[in-house]
Amino acid sequence: ADIQAMRMFEGYSAHLLFQRVIETTIPDLEKAIADIHAIRDAAPENARQKWDLYSRRLQAVIYLLRSADNMVAYQAQLDRVKELGVKPEPNPVLGVQSSWDRTDLMQTARNEIDNTSHLLQLLQSTPEPILDLAPTPDEETIMRLGPDLPAQLKRKIDLMNAHWTDYDRLFTAPNP
């Protein structure tokens, strides 16, 4: 949608629209990967590495799409929760379960940690370039990731894990 800087879509409904785009795109990419594997398997031995690289590149696109989906979902849910203004119970009674909001936000974060880990493993799986990264950090832009992307992904995972208990500041902690 060309919205020309208008705030036509926002909040949780924008997340659902974005999610739908991702859900319809990823199966096409997965089909393309399956087709590439079929071509690779039929190719001469000396050409198979090229097809494996194409497959990895498409897999990286899937991971990037999932990451974008996770980010939009997380922010939409976080905004919704903050708008509700519900404060966590400082001393939850025995038997309090995790709220749907808490579970959803934490599951999205967990999905993003896993997805980022898979992308990092993929990037480190071959010396061949998977993504077209900027040659120097100075050439990194919003449209081109920097050459230190693997280190940034590792830092992202470490930060998300280090702040896992931050959810207790937003939600009543379960006390089963």
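Residues numbered from 1 in each chain as written. Predicted model: local features only at pLDDT ≥ 70, side-chain atom pairs only at ≥ 80, totals over all residues. Heavy atoms only, no water.

A.B. asks: Explain the nonpolar core to me, please; I cannot follow it from the model alone.
C.D. replies: In summary, soluble globular proteins display a tendency toward joint burial of nonpolar side chains. By size, the foremost hydrophobic cluster in this structure holds 13 residues, and its most contacted members are A60, L119, L123, I130, L131 and L153. For this core, the elements supplying multiple residues, two or more each, are α2 (48-84), α3 (100-123) and α4 (149-162). Setting aside its immediate chain neighbours within four residues, I130 contacts L53, R56, R57, A60, L122 and L123. Among the nonpolar cores identified, the runner-up in size contains seven residues, and L78, L105, M106 and F171 belong to it. (Core = buried A, V, L, I, M, F, W, Y, C linked by side-chain atoms within 4.5 Å. Buried < 20%, exposed > 50% of the residue type's maximum accessible area, 1.4 Å probe, protein only. Helix = DSSP H or I, 4+ residues; strand = E, 2+ residues; numbered from the N terminus. Contact = heavy atoms within 4.5 Å.)

A.B. asks: How do you make sense of helix α1 (residues 11-42) when you look at a structure like this?
C.D. replies: Counting along an α-helix, one turn takes 3.6 residues, and residues three or four places apart therefore face a common direction. With 32 residues, α1 extends 47 Å from end C-alpha to end C-alpha; this agrees with the ideal 46 Å at 1.5 Å per step. If you follow the buried residues of α1, they end up packed against α2. (Expected span 1.5 Å × (residues − 1).)

A.B. asks: I'm lost on the pattern of salt bridges in this one. Help?
C.D. replies: Charged atoms that come close allow side chains of opposite charge to pair. As enumerated under the stated definition, the model contains 12 salt bridges in all. Of the charged contacts, one joins D166 and R169 as a salt bridge, the two residues approaching to 3.3 Å between their closest N and O atoms. Its relative accessible area of 26% is what places D166 among the partly exposed residues. Among the ionic contacts, a cluster of salt bridges with common partners joins R40, D41 and D52. (Salt bridge = Lys/Arg side-chain N within 4 Å of Asp/Glu carboxyl O.)

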